[in-house]
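A structural walkthrough
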2 protein chains.
Amino acid sequence: MSVADTTSLVIVRDVDSLRQRVALWRRERLRVALVPTMGALHRGHKALMTRGLELADRVVATIFVNPTQFAPAEDFGSYPRKEAADVRLLNEAGVHLLFAPEVATMYPPGFSTQVRVNGLSSILEGAHRPTHFDGVATVVTKLLLQAAPDVALFGEKDYQQLCVIKRLASDLDIEAKIVGVPTVREADGLALSSRNAYLTEEERKIAPALHQAITDAATTIAKGANAEAALKTAKERVLAAGFPEVDYIEARQAETLAPFEGGAGRVLAAARLGRARLIDNVAFG
Amino acid sequence: MSVADTTSLVIVRDVDSLRQRVALWRRERLRVALVPTMGALHRGHKALMTRGLELADRVVATIFVNPTQFAPAEDFGSYPRKEAADVRLLNEAGVHLLFAPEVATMYPPGFSTQVRVNGLSSILEGAHRPTHFDGVATVVTKLLLQAAPDVALFGEKDYQQLCVIKRLASDLDIEAKIVGVPTVREADGLALSSRNAYLTEEERKIAPALHQAITDAATTIAKGANAEAALKTAKERVLAAGFPEVDYIEARQAETLAPFEGGAGRVLAAARLGRARLIDNVAFG
């Protein structure tokens, strides 16, 4: 087998084929990493694949635009789908297997089970998207049990999602280790996101203000300044930059996302800009 | 190793020990059956163990009185616990391993994940015990993922529970095959249940009327008679026998528990009698 063959991406669309491939690797005692995505892949996703290759011998990417994590009024229908380009990126990244199921494969008729992480799913993003994390928790539980990886990687860009997934994996005794990978950013600080494609040229110039504002707030809080005042300043700066609306900018404890009470934490933010709703977060302390 | 040694029950109380034992069996390519219970074992449980030994090479029983499937006013505190007698029964049955965790092992601080089977969890038993099946679904998901058996056995006595568990295992891509085992009954038809211990001598004489009434109703419906009339008669007979209250006696489709519309089905019933609440069901068609 040539090098080209060994790095050539295999695509499967049903759970049995996925399990058979992974079972073959298991028999060879190879470690398996899983990288769940919704496709429209960018350098942020590529960083997940690269980290997967560092932590395991084989990397399985999944592409599934999961309908249950979108509310009826959200962008499920228009979410960017471009599998051909995604396959090229996965091949370049050295990913071994792509699992890209249809909706009916994941949710056959009669499907009725829901995984919910109480508490974590109702705050911050969950307060603005009440059913979102139930959809995420359920589909990620399925993907983890379908692929049964040794490790699964998720971007810190969706930091609350990462916390939800760590919690459910621990609570449900799922053996895969959940690993967060640092956010990849544009030169001006904007966090990479498939939804950045929704931004107009003008909005794109405004967008980095969110990251700048929360980075400054995090620095200020880390120095011991009053958190509330720092967060208020951040909100004002984001609005002044041209965002019409800020959903939240809050400081939270790093693991539980409980209200910040000193020590290490995370500033998390969401703000609307045109058709896009940008989210971002930075660590401090 | 003598025969006595190989059939002698091993007891573990933490997940790592459980997994290590099961992993050893896996390496020998032995098939593993799981029989989750709440203890207070009787011949009904023994039938589950026996069936497990027919379907697998090794049987793991679990004893865990799961607090989250009891409502605050229910009998969690007084539910019968008698591990020494249970261990004797498991040894006699030829069970290989008992997993008997503490509550804090199953639900450590911060635990916040819930598995819910929508629809099935809200009807019949679920209408009378609104949080019951969420507790069952969550703990059974955990036990299935902790032990990773080839097959897991549950009594048909708790028929709706069996439907809920089959549904969640299928929906969450849990590989274990879920197998129902026919209800074991006393000579007079009363379904064996740990909660029968709550019955006074007088109530014990009344109790078989529930099974008699639903068996007759099922026979009548199977012959093509009007189901509503047959179920009404059954209710009247149960009340006349001395049950102070009938929660429900209904005919449902066998798999989905959707309203019965002809063909094969199940009559399911629940009725209060003194401190006990008896449930039972019979197939027809």
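The helix and strand inventory of chain A stands at 11 helices and 10 strands. Relative to the compact-globule value of 19 Å for 285 residues, chain A shows a C-alpha radius of gyration of 19 Å, a close match. Taken along its principal axes, the extent of the C-alpha atoms in chain A is 60 × 40 × 40 Å. A buried classification covers 42% of the 285 residues belonging to chain A. Looking at chain A alone, contacts between residues at least 24 apart form 69% of all its contacts between residues at least 6 apart.

Attention now moves to the sheet that holds strand E6 (residues 151-155) of chain B. Residue and element names in this part refer to chain B. With parallel pairing, the 6 strands of this open sheet are ordered in space as E1-E4-E3-E2-E6-E7. The open sheet terminates on both sides in strands that have one partner only, identified here as strand E1 (10-12) and strand E7 (177-181). Here the strands of the sheet are splayed against their neighbours by 25° on average, with no regard to which way each runs. Strand direction decides the pairing type here: strand E2 (residues 32-37) and E6, joined by 2 bridges, are parallel. Of the residues in E6, the one forming a bridge with Leu-34 is Ala-152. Strand contacts of helix H2 (residues 15-27): E1, E2, strand E3 (58-63) and strand E4 (97-99), with the helix running at about 135° to E1, the strand carrying the most contacts. Packing of helix H8 (residues 159-171) onto the sheet brings it into contact with E6 and E7, and relative to E7 it is tilted by some 170°.

Turning next to the relation of the copies chain A and chain B. What relates the two chain copies is a rotation about an axis together with a slide along it. Superposing chain A onto chain B takes a rotation of 180° plus a shift of 0.0 Å along the axis, which leaves an RMSD of 0.0 Å. In symmetry terms, the pair is related by a two-fold rotation axis. For chain A, the minimum C-alpha distance to the rotation axis belongs to Val-115 of chain A and amounts to 2.3 Å. Residue by residue, 100% of the interface of chain A is reproduced at the interface of chain B, so both copies engage with the same surface.

What follows is about the interface of chain A and chain B. At the interface, 21 residues of chain A touch 21 residues of chain B. For the side of chain A that touches chain B, the element with the most residues is strand E5 (residues 113-117) of chain A, which contributes 5 residues. When grouped by side-chain class, the residues that make up the side of chain A that touches chain B number 9 nonpolar, 7 polar and 5 charged. Direction of pairing for E5 of chain A relative to strand E5 (residues 113-117) of chain B: antiparallel, over a ladder of 5 bridges. By the bridge assignment for E5 of chain B, Arg-116 of chain A is matched with Gln-114 of chain B.

Before going further, it helps to spend a moment on helix H3 (residues 43-55) of chain A. Residue and element names in this part refer to chain A. Its 13 residues place the ends of H3 18 Å apart at the C-alpha level, agreeing with the 18 Å of an ideal helix rising 1.5 Å per residue. For H3, the full list of buried residues reads Gly-44, His-45, Leu-48, Met-49, Arg-51 and Gly-52. An end-on view of H3 places all buried positions within 165° of arc, on one side of the element. Away from its buried face by more than 90 degrees, H3 exposes Arg-43 and Glu-54. Contacts from the buried residues of H3 go to strand E2 (32-37), strand E3 (58-63), helix H4 (83-93), strand E6 (151-155) and strand E7 (177-181).

Here the focus is the pairing of E3 of chain B. All names here are of chain B. Burial analysis of E3 places 6 of its 6 residues in the buried class, the great majority of the element. Of the two faces of E3, the one lined by Arg-58, Val-60 and Thr-62 and the one lined by Val-59, Ala-61 and Ile-63 are each fully buried. In this sheet, E3 lies alongside E2 in parallel orientation, the contact comprising 6 bridges. Residue pairing in the sheet places Val-35 in a bridge with Ala-61 of E3. You can see the chain leave E2, run along helix H3 (residues 43-55) and come back into E3, and the turn it takes is right-handed. Inspection of the sheet shows E3 paired to E4 by 3 bridges, in the parallel sense. If you follow Ala-61 over to E4, its bridge partner there is Leu-98. The parallel pair E3 and E4, bridged by helix H4 (residues 83-93), forms a crossover whose chirality is right-handed.

All names here are of chain B. Close contact between helix H10 (residues 208-222) and helix H11 (residues 227-241) brings their axes to 9 Å; oriented N to C, the two are set at 165°. In terms of orientation, H10 lies roughly antiparallel with respect to H11. Of the two elements, H10 crosses H11, and the hand of that crossing is right-handed. Here H10 contributes Ala-209, Leu-210, Ala-213, Ile-214, Asp-216, Ala-217, Thr-220 and Ile-221 to the contact with H11, which in turn contributes Ala-227, Ala-230, Leu-231, Thr-233, Ala-234, Arg-237, Val-238 and Ala-241.

Residue and element names in this part refer to chain A. One can read the domain layout of chain A as domain 1 (3-181) and domain 2 (194-284). Each of domain 1 and domain 2 was reduced to a C-alpha centroid, and the two centroids are 26 Å apart. The interface of domain 1 with domain 2 comprises 12 residues on the first partner and 11 residues on the second. In terms of residue count, the dominant contributor to the side of domain 1 that touches domain 2 is helix H8 (residues 159-171) (3 residues). Tallied by class, the residues present in the side of domain 1 that touches domain 2 amount to 8 nonpolar, 3 polar and 1 charged.

Residue and element names in this part refer to chain A. Ordered by their spatial adjacency, 3 strands build an open sheet running E8-E9-E10, and the pairing between neighbours is antiparallel. The strands lining the two open edges of the sheet, one partner per strand, are strand E8 (245-253) and strand E10 (276-284). Averaged over neighbouring strand pairs, the angle between their axes works out to 10° when direction is ignored. Direction of pairing for strand E9 (residues 265-273) relative to E10: antiparallel, over a ladder of 9 bridges. Bridging across to E10, Arg-272 finds its partner in Arg-277. Strands E8 and E9 of the sheet are contacted by helix H11 (residues 227-241), whose axis makes an angle of about 150° with E8.

Reading the values: the criteria
Residues numbered from 1 in each chain as written. Chains lettered and ligands numbered in written order. Predicted model: local features only at pLDDT ≥ 70, side-chain atom pairs only at ≥ 80, totals over all residues. Helix = DSSP H or I, 4+ residues; strand = E, 2+ residues; numbered from the N terminus. Rg over C-alpha atoms; globule rule 2.2 N^0.38 Å. Buried ≥ 20, exposed ≤ 12 C-beta atoms within 10 Å, placed from the backbone. Contact = placed C-beta atoms within 7 Å. Pairing = 2+ DSSP bridges. Axes fitted to C-alpha atoms, helices over the stretch in contact; angles between N-to-C directions. Least-squares fit on C-alpha atoms with pLDDT ≥ 70 in both. Nonpolar A, V, L, I, M, F, W, Y, C, P; charged D, E, K, R; others polar. Expected span 1.5 Å × (residues − 1). Arc of directions from axis to C-beta. Right-handed = clockwise from strand over helix to strand, strands pointing away. Parallel < 35°, antiparallel > 145°, perpendicular 65-115°, else oblique. Left-handed = near helix turned anticlockwise from the far one by under 90°. Domains from an automatic or database assignment.

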